[in-house]
Structures are given as C-alpha cells and as structure tokens.
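So you can see what is in the structure, the chains are spelled out below.
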Amino acid sequence: MFLHSHKRRAVWKATRRCVRVAGVLCLLLFVARASGSAAQPLLQRQLRVCADPNNLPFSNERLEGFENKLAALIAHELNATLTYTWWAQRRGFIRNTLKAAACDLWMGVPPRLDAVLTTSPYYRSTYAFVYRQKDGPPVHSLDDPILRTVKIGVQLIGNDGANSPPAHALARRNIIDNVVGYSVYGDYAQPHPTARIIEGVATGAVDVAVVWGPIASYFARSQPVPLTVVPVTPSWDTPALPFVFDIALGVRRGEEAFRTALDAILQRRRPEINRILDEYGVPRVETAEPRAAAQ
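Residues numbered from 1 in each chain as written. Predicted model: local features only at pLDDT ≥ 70, side-chain atom pairs only at ≥ 80, totals over all residues. Heavy atoms only, no water.

Peer 1: Looking at this structure, I do not really get the side chain of arginine 252. What am I missing?
Peer 2: Mapping arginine 252 onto the fold places it in the loop between strand S14 (244-251) and helix H8 (256-268). In terms of polar contacts, arginine 252 uses its side chain to reach the backbone carbonyl oxygen of leucine 98, at 2.9 Å. Here cysteine 103 takes part through its backbone oxygen, which lies 2.6 Å from a polar atom of the side chain of arginine 252. Setting aside residues up to four positions removed in sequence, arginine 252 forms contacts with Arg48, Leu98, Ala101, Cys103, Asp104 and Leu117. (Helix = DSSP H or I, 4+ residues; strand = E, 2+ residues; numbered from the N terminus. Polar contact = N/O pair within 3.5 Å; in protein donor to acceptor, adjacent residues only side chain to side chain. Contact = heavy atoms within 4.5 Å.)

Peer 1: So what exactly am I meant to see when it comes to the environment of proline 110 here?
Peer 2: Here proline 110 is to be found in the loop between strand S5 (105-109) and strand S6 (117-118). C-alpha of proline 110 to C-alpha of proline 121: the two residues are eleven residues apart in sequence and 8.2 Å apart in space. Contact partners of proline 110, with chain neighbours within four places excluded, come to Thr118 and Asp246.

Peer 1: Quick question: what am I supposed to make of helix H9 (residues 270-279) here?
Peer 2: Helical periodicity: at 3.6 residues per turn, an α-helix aligns residues three or four positions apart in one direction. Along H9, the residues classified as buried are Ile273, Ile276 and Leu277. End-on view of H9: buried residues confined to an arc of 95°, all on one side of the axis. Each element contacted by the buried residues of H9 is listed here: helix H3 (66-77), strand S7 (123-132) and H8. Just beyond H9, the residue with positive phi is glycine 281, at close to 70°. (Buried < 20%, exposed > 50% of the residue type's maximum accessible area, 1.4 Å probe, protein only. Arc of directions from axis to C-beta.)

Peer 1: Whenever I open this one, the environment of alanine 205 confuses me. Can you help?
Peer 2: Along the chain, the position of alanine 205 falls in the loop between helix H6 (196-203) and strand S10 (208-212). Taking the relative accessible area as the measure of exposure, alanine 205 reaches 38% and is therefore partly exposed. On a C-alpha basis, the gap between alanine 205 and valine 180 in space is 9.0 Å, while along the polypeptide they are 25 residues apart.

Peer 1: Explain the packing of H3 against H8 to me, please; I cannot follow it from the model alone.
Peer 2: Packed helix pairs are characterised by how far apart their axes lie and by the angle those axes make with each other. Look at H3 against H8: their axes get within 11 Å of each other, and the N-to-C directions meet at 110°. With respect to their mutual orientation, H3 and H8 come out roughly perpendicular. Every residue of H8 that contacts H3 at Leu73, Ile74 and Glu77 is listed here: Leu262, Ile265 and Arg268. For the contact of H3 with H8, the residue count by class is four nonpolar, no polar and two charged. (Axes fitted to C-alpha atoms, helices over the stretch in contact; angles between N-to-C directions. Parallel < 35°, antiparallel > 145°, perpendicular 65-115°, else oblique. Nonpolar A, V, L, I, M, F, W, Y, C, P; charged D, E, K, R; others polar.)

Peer 1: Teacher, can you tell me more about the state of the cysteines here?
Peer 2: Covalent bonding between the sulfur atoms of two cysteines defines a disulfide. In the structure shown here, the tally under the stated rule is one disulfide. Residue pairing for cysteine 50: its cysteine sulfur links by disulfide to cysteine 103, the two sulfurs lying 2.1 Å apart. Its S-S torsion of about 110° marks the bond between cysteine 50 and cysteine 103 as right-handed, since a negative value means left-handed. Residue cysteine 50 is located in strand S1 (residues 46-51), and its partner cysteine 103 is located in the loop between helix H4 (93-96) and S5; the two are separated by 53 residues in the primary sequence. (Disulfide = S-S within 2.5 Å.)

Peer 1: It is not clear to me how the nonpolar core should be interpreted in this structure. Could you clarify?
Peer 2: Among soluble globular proteins, nonpolar side chains are generally buried collectively. Grouped together as the largest cluster of nonpolar side chains are 68 residues, with contacts concentrated most on Ile74 and Leu105. Apart from residues lying up to four places away in sequence, isoleucine 74 is in contact with Leu47, Leu105, Met107, Leu249, Leu262 and Ile265. Membership of the second largest hydrophobic core comes to eight residues, among which are Cys50, Leu98, Cys103 and Val109. (Core = buried A, V, L, I, M, F, W, Y, C linked by side-chain atoms within 4.5 Å.)

Peer 1: Teacher, can you tell me more about the confidence of the model for the protein chain here?
Peer 2: A low pLDDT score tells you not to read the predicted coordinates there in detail. For the protein chain, the mean per-residue pLDDT works out to 84, and 80% of the residues sit at or above 70. Per-residue pLDDT stays below 50 along residues 1-43; that stretch engages in 17 contacts with residues further than four places along the chain or on separate chains. Of the regions scoring below 50 in pLDDT, residues 288-295 engages in 13 contacts with residues more than four places distant in sequence or in other chains. (pLDDT = per-residue confidence, 0-100.)

Peer 1: What exactly am I supposed to notice about the pattern of salt bridges here?
Peer 2: Pairing between side chains of opposite charge can happen when their charged atoms approach one another. Enumeration over the complete set of coordinates arrives at 15 salt bridges. With its nearest N and O atoms 2.7 Å apart, the salt bridge here joins arginine 124 to aspartate 246. Note that arginine 124 is positioned in strand S7 and aspartate 246 in strand S14, a separation of 122 residues in sequence. When its relative accessible area of 18% is taken as the criterion, arginine 124 is described as buried. A residue is classified by how much of its surface remains accessible, and aspartate 246, at 17% relative accessible area, is buried. The partner of arginine 173 in a salt bridge is aspartate 143, with the nearest N and O atoms 2.8 Å apart. Separated by 30 residues along the polypeptide, arginine 173 in the loop between helix H5 (165-172) and strand S9 (179-183) and aspartate 143 in the loop between S7 and strand S8 (152-156) bring together distant segments of the chain. (Salt bridge = Lys/Arg side-chain N within 4 Å of Asp/Glu carboxyl O.)

Written out as structure tokens, the structure is:
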C-alpha cells in the first residue's frame, strides 16, 4: 500500500491520537479510509488491433474475417475492450500502424519479419493450385508439363510482374507467356479484392491459379462452379523459394512482455483457434520440411 507524503503524515498523527484514545481499532479504521481516498480508479484496458478493412478472409470492417475472430478471443482472454485501427495492408502499413503507435497488435505476420516482434506461429499454410473440377487441368506440381499449355493466374504484389513465389517459380521454368497477373491489392473500391483471381478460375479466364492457401480455400467454396484446391508441390522450390509459411502475431519491438502474454494465450486456446481456422477453411501444413525449418 503506497500513500502520498501528506497522507503518511496524517496517518502518523492519527496513529498517535488513536493510541491514546481507542487503540488498534481506531488506527485500522483511519488507515482504511486514507487508503480508499488515495486509490485511483482502474483504467479500462484496450486491445488495439491493426487491420485491413477490406481483406477477407483475414479481416474487414464488418469483423467477418478469421483474424477478427481471433482478435476477439484474445481480447476476451486479456479482459480488454477490442478496438481497431484500419489501414490497407500494403506499402506503409507497419509505418502507419504499429510504428506510429496507432495500435499494438498485427494479427497475421511472417515470424521472420524484421520490423516487428513476433509470437510463435499459430498456423502454417501453403500456396495452392486452384482449378475447375469438371474441366480444369489436374495440376499438383510446379513441374507438371501441362503448365506450359494452359493459362495460369498468379498474384502479383509489385510492379515488376514476377515478385510472388508462384511468379518466381514459373519464371525460373521459363513459363511466362501464358501467365496472367492479378494484383494482390486489386480494386480496393470493390469488396474482398483478392477474390478476383479465384473468380477468374471459375469463369474460365484462367485454367488454373496459384494462390495463397487461405484465400484459395475461402473463395473457392463460394463460386458458382465446383473448384479443386490442392497444395503446391514441391513446398520448397530450389534454390531457396518456400511455398509454405508460418503465420504469427506481431507487436512492436521491445514489447517482450506483451509477446509472452500472447504466446500463452495462443497455447492455452489452441483448440478454439483451430476451430476458427477450420470454419474459414484455412489449409494447414503441420510440419515444415527440414530445409525450411532450418532457415
């Protein structure tokens, strides 16, 4: 119990009076009153999450993504009020959210991203091939010869036309002319822009697409025609190109205590987290290949 100096002086004077007048009972009553007057009301704790407002299946402003569900679970565990800082997840996202102290937690980040401090992974997923069940090419491997004869949709991140793992892997095999690029950002004025590449498979604009697994699985099941989603093989393309990635939570560097608390929640609530991922059809890879694990 800590009291301000004037409170301590008052307690000492009262103690002398209490000893003379009524002994211990008077002393206890005065100290209890002094403590109550010095106590400050507890501040309501907030969990401030950085998130994209239009990025299903991960997050959106209507809180429909699986990262929204996970954030709510974590807030409940921390007995905190959940609030959001919305920012499109593209260039400048970290600078304008975590680094600007506008929020404190990023829900989906690769563990080896240097700009943030990350938890243990809460899932590991893979890129996937997506094609029409009825007449699509049944592709499973990047080395399948059929990839040289069909239209292939890939997600592009920047302006160089070959900067996602599928684009790099296909270019290394000299599969270029039949590749159709879809911006990972898409038309942000439209809902869930990452769905466009999956819609391209459903409509026949491309014959097969190579897409990050959570996006592939989530949007494939809402298309008007049945689509097949299968993991890309090999999961580690030589010389050093992974198609399987761990995903963790990210906080600001230096906030080790917060990271430790989050790790404990991820461990303790593992069954509920897995149920959320299952609900959204997130494909998971349970173990990494030895080479990938050593990186």
